[in-house]
Structures are given as C-alpha cells and as structure tokens.
Amino acid sequence: MTAEEGHDGAQYLAGSPVRVAILRALREEPRRPAELTDAVDATRTTVQRILGGFRERDWVVKRDADYRVTPTGVRVHDAYETLLTEVERGERYGRFAEAVERVGVDFPPEGIPDSELTVASDQNPLAVVDRLTDLLRESRGAKIRAVSPVVLQQFNDAAAAALDGGADVELIIDRRVADASVAEFGPATDRALNDDDAEVYVSADPIEYGLVRCDDVACVTAYDERNNPRCVLKSTDETVVDWVDEAFASLRDEATPLAAVVERV
C-alpha cells in the first residue's frame, strides 16, 4: 500500500462519524446489518454501503449472517482511536503546550497524559491562582520549591500560611519580581529575609514560567504575554517530577540569594 492509499483509507474512515461508529461496534462484537442499524442509528442502506466500503478495504468480512472485523480492521480501528485520543488531548492541553513552547521551556510531552490541567477562563480568571495557593496552604510541614515570574498577594499569603504550618520554602524569582517585592510587599520581603525556613533566590535572567514542587506533586504554570497565569499542569508522574526538579536545580545554581541582591539596592 502506498502512502496515498493509506491517506485515502484514513480519510474515508474519519470522514463520517457513522463509519467510525460501525467499525467501533464491530470491534466490540460481530453483528448483523439490522443490529448495526439499531446500534449506530443509521438507515439500513447507509449501513450496507459502509459495510461494502469496509469489505473493499479488507477491514471486515461476512461470515454466515454476521460481519466481523479482520485483524487489519482491528489495527485500523485501534490506530484511529489512539489518534482521536491524542487529538482530543491536544485540544485540551494545547494552550499549556503553546505557552511553554513560546518561552522555550523544553517540557517532556510524555508527561502530559497522566497530568491534571487547570485553565483560567473568563468565567474563572483566578482558577490557576486558586489551584496554586490551595496547594501551598495545604503543604504544612512539607519542603516546597517554587519558581515564580510574578509577585501576587495571594501567593505571599499562601507561602506565609505554609511557613506558619512548618513548611520549608525555597523560591526563585527574577530581578523584576524582587524589585516589586521590595517596593510593594515589604512585610513579605522581610519575612523572606529573616525566616530561617525561607530561602529566596534571584535569577539574573527573566523568568517566564512557574514551578512548584511539594512532596510528590509537581506543577508547571504557563503564563500569557502579559504575565497572567493561564494554566497549571499538576502531576505526580515521575517524568514531570524529575523534570521540575532538574529545572529548579538549574535555575537555583545560576541565582543569587535575595539578601545579597537587597544589599546592593
């Protein structure tokens, strides 16, 4: 079979939801045309025409009165369902993938399927902020490592609550965020400088995405061009957790303690 013939077959199957439904029904069990008519809510003429197309492509055979999927038909069906799943996943995770790629984050795509995504919307613009602050507030006694390209009062309050609960916090910000913290959030900055359980580092390079690592949970936050948090991917998948750990360590190795930055201001 040529690539063009394969494309024609894929186009034939994908071009009609009824074709997909019939192949899916036959993948489950052999059926007669009348049974397929009821199962997929199609006319007898439509079902017979599609079965004819499947037989031409060797995807089904007729044995006695039943139509059965051939081994080739099984592979075609399974491949189509896999493609459909990936397309649906791409639609859901597309905004996250676009955002991290735009800022040059080499996020491992194999970590996406087993991760939970929260997306901000017009109806709930603070969905991402709420998800992250909830995680921080719940992390009493935990070791928290975080990276943030923004300073928000909600994040400061959640970090303070975590520290009050016995958490150990390491945070990496960039110089712009450090300057904003000193100018606008004095009490939070003072605590970051004086609390033995808080360590804040400042990156010389701009930071354009967020990270949180807490216990066995890792989060990656994507921001839009105006630095609004748009979506956060939360995962316990080993691939994601390891990537977050490595990304955090790399940023921390190049960062300067906040105390040294404040002294130079």
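Structure's up top.
Read on for a plain summary of the structure. (Residues numbered from 1 in each chain as written. Predicted model: local features only at pLDDT ≥ 70, side-chain atom pairs only at ≥ 80, totals over all residues. Heavy atoms only, no water.)

**A look at the nonpolar core**
Inside soluble globular proteins, nonpolar side chains tend to come together where they are buried.
Now for step 1: Core analysis: the largest hydrophobic core is formed by 28 residues, its most contacted members being Phe96, Phe107, Leu211, Leu233 and Trp243.
Now for step 2: Put simply, the parts of the chain that give this core at least two residues each are helix H5 (71-102), strand S7 (209-214), strand S8 (217-223), strand S9 (229-235) and helix H10 (238-253).
Now for step 3: Counting residues per element, this core draws most heavily on H10, which supplies 7 residues.
Now for step 4: In this view, Leu211 contacts Arg145, Ala146, Val147, Cys219, Val220, Trp243, Val244, Ala247 and Phe248; residues no more than four positions away in its chain are not counted.
Now for step 5: Formed by 23 residues, the second largest nonpolar core is a distinct cluster that contains Leu135, Leu163, Ala198 and Val212. (Core = buried A, V, L, I, M, F, W, Y, C linked by side-chain atoms within 4.5 Å. Buried < 20%, exposed > 50% of the residue type's maximum accessible area, 1.4 Å probe, protein only. Helix = DSSP H or I, 4+ residues; strand = E, 2+ residues; numbered from the N terminus. Contact = heavy atoms within 4.5 Å.)

**Observations concerning the sheet that holds strand S4 (residues 143-147)**
Now for step 1: The mixed open sheet is built from 8 strands, whose spatial order is S3-S9-S8-S7-S4-S5-S6-S10. The sheet is open, and its two borders are formed by strand S3 (116-119) and strand S10 (256-257), each paired with just one other strand.
Now for step 2: When S4 meets S7, the two strands line up antiparallel, connected through 4 bridges. Along S7, the bridge assignment pairs Val147 with Leu211.
Now for step 3: Sitting on the sheet, H10 is in contact with S4, strand S5 (168-174), strand S6 (198-203), S7, S8 and S9, with an inclination near 115 degrees to S7. (Pairing = 2+ DSSP bridges. Axes fitted to C-alpha atoms, helices over the stretch in contact; angles between N-to-C directions.)

**Points about helix H7 (residues 153-164)**
Now for step 1: In a regular helix each residue adds 1.5 Å, so 12 residues correspond to 16 Å; H7 covers 16 Å between its end C-alpha atoms and thus fits that length.
Now for step 2: Among the residues of H7, Phe155, Asn156, Ala158, Ala161, Ala162 and Leu163 are the ones counted as buried.
Now for step 3: On the buried face of H7, the contacting elements are helix H6 (127-137), S4, S5, helix H9 (186-194), S6 and S8.
Now for step 4: Positive backbone phi, at 95 degrees, marks Gly166, one or two positions downstream of H7. (Expected span 1.5 Å × (residues − 1).)

**Examining the pairing of S5**
Now for step 1: In terms of residue burial, S5 counts as a mostly covered element, since 5 of its 7 residues are buried.
Now for step 2: As judged from the 5 bridges shared by S4 and S5, these two strands associate in the parallel manner. Bridge assignment links Lys143 to a residue of S5, and that residue is Asp168.
Now for step 3: For the handedness criterion, the β-α-β arrangement of S4, H7 and S5 is classed as right-handed. (Right-handed = clockwise from strand over helix to strand, strands pointing away.)

**Considerations on the layout of surface pockets**
It is a probe the size of a water molecule, rolled over the atoms, that shows where empty space is left.
Now for step 1: As a volume, the largest pocket reaches approximately 610 Å³.
Now for step 2: What lines the largest pocket is a set of 34 residues, among which Phe155, Asn156, Ala159, Val169 and Leu171 lie closest to the centre.
Now for step 3: Examining the composition of the lining of the largest pocket, we find that 7 residues originate from one element, H7, more than from any other. (1 Å grid on protein atoms, 1.4 Å probe; cavity = no way out; pocket = protein on both sides within 12 Å on 5 of 7 lines; lining within 4 Å. Points joined across faces, edges and corners; volume = space filled by probe spheres on them.)

**Side note on the side chain of Thr37**
Now for step 1: Here Thr37 is to be found in helix H3 (residues 33-40).
Now for step 2: Here Thr37 is in contact with Ala42, Thr43, Arg44 and Val47, once residues within four sequence places are set aside.

**Observations regarding the environment of Val244**
Now for step 1: Inspection of the secondary structure puts Val244 in helix H10.
Now for step 2: Given the relative accessible area of 1%, Val244 is considered buried.
Now for step 3: Residue contacts for Val244: discarding those within four places in its chain leaves Leu211, Val212, Arg213, Ala218, Cys219 and Val220.

**Topic: the packing of aromatic side chains**
Now for step 1: Per the stated rule, a full pass over the model turns up 6 aromatic pairs.
Now for step 2: Ring plane angle 45 degrees and centroid distance 5.6 Å describe the contact between Phe54 and Trp59, whose orientation is recorded as tilted. As far as burial versus exposure is concerned, Phe54 and Trp59 are alike and both buried.
Now for step 3: Their ring planes at 40 degrees and their centres at 6.5 Å tell us that Tyr209 and Trp243 sit as a pair that is tilted. (Phe/Tyr/Trp six-rings, centres within 6.5 Å; stacked < 30°, edge-to-face > 60°.)

**Concerning the pattern of salt bridges**
Now for step 1: One pass over the full model with this rule turns up 17 salt bridges.
Now for step 2: Between Glu225 and Arg102 there is a salt bridge, with its nearest N and O atoms 3.8 Å apart. A residue pair is termed long-range when its members are at least 10 positions apart, and Glu225 in the loop between S8 and S9 and Arg102 in helix H5 qualify at 123 residues.
Now for step 3: Relative accessible area serves as the criterion here: at 34%, Arg102 is assigned to the partly exposed category.
Now for step 4: Salt bridges linked by common partners bring Glu28, Glu29 and Arg31 together as one network. (Salt bridge = Lys/Arg side-chain N within 4 Å of Asp/Glu carboxyl O.)

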